[in-house]
Amino acid sequence: MLLSVETLRTALEMGAIYSLVALALFISFSILNIADLSTDGCYTLGFAVGAIVTLAGHPFLALPAAMLAGVLSGFVTAFLQTKLGVESILAGIIVNTGLYTVNLAVMGWSSNLSIFGTDTLLSLAKGLSENTAWTRWSTLIVLGVILTAVAVVTALFFRTRLGLSIRATGDNADMVRASSINPAFTITVGLCVANSLTGLAGCLTGLVNKSCDINLGTGMVTVALASLIIGETMFGRFSIGLRIVGVIAGSCIYRIIIAVALAANVPTECFKLVSALIVAVAIAMPQGRKLIALQRQKLARRKEGAPC
Amino acid sequence: MLKLNDIAKTFNPGTVNEKKALDGVKLHLAPGDFVTVVGSNGAGKSTLFHAIAGVFFPDRGSIVLDGEEITFKPEYQRSRQLGRLFQDPMKGTAPHMTIEENLALAYLRTAKHQHAYFSRTGKADRAFFRDQLARLDMGLEDRMKQPVGLLSGGQRQALTLLMSTMVPPKILLLDEHTAALDPGTAEKVLKITREVVAEHKITTMMVTHNMHQALELGSRTLMMDSGRIVLDVQGEERKNMTVNDLLERFKARVGEDLDNDRILLS
């Protein structure tokens, strides 16, 4: 067997956390049709804030605090685009750059932070029972519960009138301009919601790793995009609920592929290449399917003896 | 209902591309007026609509809608009182959202829903949407859960029309909304337009290239040229007018033939 239960569990834990970032990109990239590149910085911000609040002795407050930090970051990105006319990609890059300093400041001007030995949400959950099965699986269960709650709330949110307005903003800009929706408002709300999820993911990563490094967010946007694309390719673009499930599944599949690569002794140096390959294959999949279908059709035609 | 006081707009002022798009437009519409607008290429018909809808703010003049000055009101705020249809049927609906979701969005304009951000589409709303869709007679009431992208251009335009009039607006702007449809569908959409406008007595402006339609539909006809309204006929005078009379009047006024490569005379 290629994967032990242990590595599978770790892969799913990471998958659960990363699917929050993938969901954030689902909101900004797929729904709002905006490339929000502040993800890396916002993710680190989430874990910096989460770690600081946890260290201050508020393990439960860490999650909402990290989300709030994400909301603020999203608000700044949205403000730059909607009020100051900064191109959306640039707005993300600017915020991302600025966040580096902000993150250092939050972490007390140190480039890493450890929360070993501090009570965290996850360690408290683990301590609820002595049962070995529970201590082994509690982290995944807690993460699963949080993820499920987020997924359900997100799915419900996008069926409310505000949610519908946000979806319309990304779906047809012309229509939105001619209807009573204020795109500046919907973009702002959308980016705030998206970045709150990124912040939450950052915070949870910090709690799982028990340490946090200023550079841990680097490349996050690519990984999340890969998960998002795997999900959308496999599950299609039907109802919002199904798409959210797809994003989560995509993220878990991505982590499992990485775990398989690890188990197959692919050297760590090659990981970025593996990630890039996964993304390329996922994006190329629909086109590949079309090509295969076309070749089959041609082959069938030839068998019938028709001229071609 | 609508008053335009000396509206002027110049695009790219001070450059070689300077274009005087609107040049002192004065217009007064009474409640329930149905105005058809014709004119040459680049006469300013669409620009006039854009000015009314708030796509840009005029350089000069003021716009008053139902007693309220809206000259500098942002586009999205005006949209609560103003319905708009474009020539391109793809512009008025969100393709990846279902028919029901699109209608729910249009329903946002009602005062009740304007700030009810977290309300969801209920049973009563759904029944109301179904009723409204059934009136289009296109079978859309049984496809409410399907994405709008699957509908034909005509169906989408009919849906857009429904969406912009479901909550009757103070003014409805139709910018050649049947021009991109095949003749049969265009006829159908036009019929629905006529019924909806008559039922709610909506003040309506409609750009058309069909001269016959311009005289037959509505209660008043405007002709535009070089950013000005050059002809405004209504009442008895309009009733007895033929397409030829209209073209003659235009020529007498402007000094040249109505120049429009898309014009339909019959």
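Just so it is clear, the structure is predicted and the values come from calculations on it, not from any experiment.

### A closer look at the domain arrangement of chain B
Residues and elements named next belong to chain B. Domain assignment breaks chain B into domain 1 (1–81 + 169–266) and domain 2 (92–168). With centres defined by C-alpha atoms, the gap from domain 1 to domain 2 works out at 27 Å. Listed per partner, the contact involves 17 residues of domain 1 and 15 residues of domain 2. Of all residues in domain 1, the largest losses of buried area upon contact with domain 2 belong to R80, P169 and I192, amounting jointly to 36% of the total for that side. Counting across the domain 1 and domain 2 interface gives 1 salt bridge. For the salt bridge of E199 with R135, the shortest nitrogen-to-oxygen distance reads 2.6 Å. For the pair domain 1 and domain 2, the number of links is 3 residue pairs in polar contact (both at pLDDT 80 or more). The set of elements that each furnish at least two residues to the side of domain 1 that touches domain 2 consists of β7 (171–175) and α6 (183–200). Counting residues per element, the side of domain 1 that touches domain 2 draws most heavily on α6, at 8 residues. Considered class by class, the residues forming the side of domain 1 that touches domain 2 number 8 nonpolar, 5 polar and 4 charged.

### A short note on the pairing of strand β1 (residues 2–11) of chain B
Residues and elements named next belong to chain B. One ladder, built from 8 bridges, connects β1 with strand β2 (residues 19–29); its direction is antiparallel. Within β2, the position partnered with T10 by the bridge is K20. Summarising the sheet, β1 and strand β4 (residues 60–65) pair through 5 bridges and their orientation is antiparallel. Pairing of N5 across the sheet is with S62, part of β4.

### As for the domain arrangement of chain A
Residues and elements named next belong to chain A. Once the domains are mapped, chain A shows domain 1 (5–265) and domain 2 (271–308). Computed over C-alpha atoms, the centres of domain 1 and domain 2 are 33 Å apart. With 12 residues of domain 1 in contact, the opposing surface of domain 2 contributes 11 residues. Taken together, both faces of the contact between domain 1 and domain 2 bury some 890 Å²; the carbon and sulfur share is 84%.

### Some thoughts on the sheet that holds β4(B)
Residues and elements named next belong to chain B. With antiparallel pairing, 4 strands are arranged side by side in an open sheet as β2-β1-β4-β5. Looking along the sheet, the strands with just one partner apiece sit at the ends: β2 and β5 (68–69). Sheet contacts for helix α1 (residues 45–53): β1, β2 and β4; angle to β2, the most-contacted strand, approximately 65°.

### A few points about the nonpolar core
In terms of nonpolar packing, the biggest core is built from 82 residues, with A:F26, A:L63, A:I146, A:I166, A:L204, A:L207 and A:I244 touching the most fellow members. Examining the composition of this core, we find that 13 residues originate from one element, helix α1 (residues 5–31) of chain A, more than from any other. Counting only domains with at least three residues in this core, you end up with domain 1 (5–265) and domain 2 (271–308) of chain A. When sequence neighbours within four positions are dropped, the list of residues in contact with A:F26 reads A:I31, A:L228, A:E232, A:I240, A:R243, A:I244 and A:V247. Judged by nonpolar contacts, the second largest core, of 40 residues, contains B:Y107, B:M144, B:A158 and B:L161.

### Looking at the interface of chain A and chain B
Counting residues at the interface gives 22 residues for chain A, matched by 30 residues for chain B. Together, the buried faces of chain A and chain B total about 2,300 Å²; carbon and sulfur atoms form 57% of this surface. Area buried by chain A at its contact with chain B is led by A:R161, A:D171 and A:S180, which between them contribute 31% of it. For the pair chain A and chain B, the interface holds 2 salt bridges. Connecting chain A to chain B are 9 residue pairs in polar contact (both at pLDDT 80 or more). Of all the elements in the fold, those that place two or more residues in the side of chain A that touches chain B are α6 (132–157), α7 (161–171) and α8 (173–178) of chain A. Counting residues per element, the side of chain A that touches chain B draws most heavily on α7(A), at 7 residues. When grouped by side-chain class, the residues that make up the side of chain A that touches chain B number 9 nonpolar, 6 polar and 7 charged.

### Brief notes about the sheet that holds strand β10 (residues 228–234) of chain B
One key point about sheets: their strands pair by backbone hydrogen bonds, in either a parallel or an antiparallel sense. Residue and element names in this part refer to chain B. In space, the 6 strands of this open sheet follow the order β6-β7-β8-β3-β9-β10, with mixed pairing throughout. Of all strands in the sheet, those bounded by a partner on one side alone are β6 (82–85) and β10. Within this sheet the neighbouring strands show an average axis-to-axis angle of 15°, counted without direction. Here strand β3 (residues 34–39) runs beside strand β8 (residues 203–207); their pairing, made up of 4 bridges, is parallel. Of the residues in β8, the one forming a bridge with V35 is M205. Here helix α5 (residues 153–165) sits on the sheet in contact with β6 and β7, set at roughly 170° to β6. Packing of helix α9 (residues 243–254) onto the sheet brings it into contact with β9 (220–225) and β10, and relative to β10 it is tilted by some 145°.

Reading guide: rules and limits
- In every chain, residue numbers begin from 1 and rise along the written sequence.
- Starting at A for chains and at 1 for ligands, labels are handed out in the order in which the entities are written.
- Selection of residues for local features in this predicted model requires a pLDDT of at least 70, selection of side-chain atom pairs for listing and counting requires 80 or more, and totals for whole chains, interfaces and linings are taken over all residues.
- Side-chain measures were taken over the full set of non-hydrogen atoms in the model, leaving aside hydrogen atoms and water.
- Domain start and end points were adopted from an automatic or database domain assignment.
- Throughout, a contact is declared for two residues whenever any of their heavy atoms are within 4.5 Å.
- Each of two parts loses accessible area, computed with a 1.4 Å probe, when they are put together; buried area is these two losses added.
- In the sections that follow, a salt bridge refers to a side-chain nitrogen of Lys or Arg positioned within 4 Å of a carboxyl oxygen of Asp or Glu.
- Pairs of N or O atoms within 3.5 Å make up the polar contacts considered here, provided that, within protein, one atom can donate a hydrogen while the other can accept it, and that residues adjacent in sequence are counted only when both atoms are side-chain atoms.
- Secondary structure is summarised from DSSP: a helix means a run of H or I of at least four residues, a strand means a run of E of at least two, and numbering begins at the N terminus for each.
- Each residue receives one of three labels: charged for Asp, Glu, Lys and Arg, nonpolar for Ala, Val, Leu, Ile, Met, Phe, Trp, Tyr, Cys and Pro, and polar for the others, Gly being one of them.
- The rule for pairing is simple: two strands pair if DSSP sees at least two bridges between them.
- A fitted line through C-alpha atoms serves as each axis, taken over the contacting stretch for helices, and the angle formed by two N-to-C directions is quoted from 0 to 180°.
- Joining through side-chain atoms within 4.5 Å is the link that ties buried Ala, Val, Leu, Ile, Met, Phe, Trp, Tyr and Cys residues into a set, and such a set is a nonpolar core.
- A 1.4 Å probe rolled over the protein chains alone gives each residue an accessible area, and that area as a share of the maximum for its type sets the label: buried under 20%, exposed over 50%, partly exposed in between.

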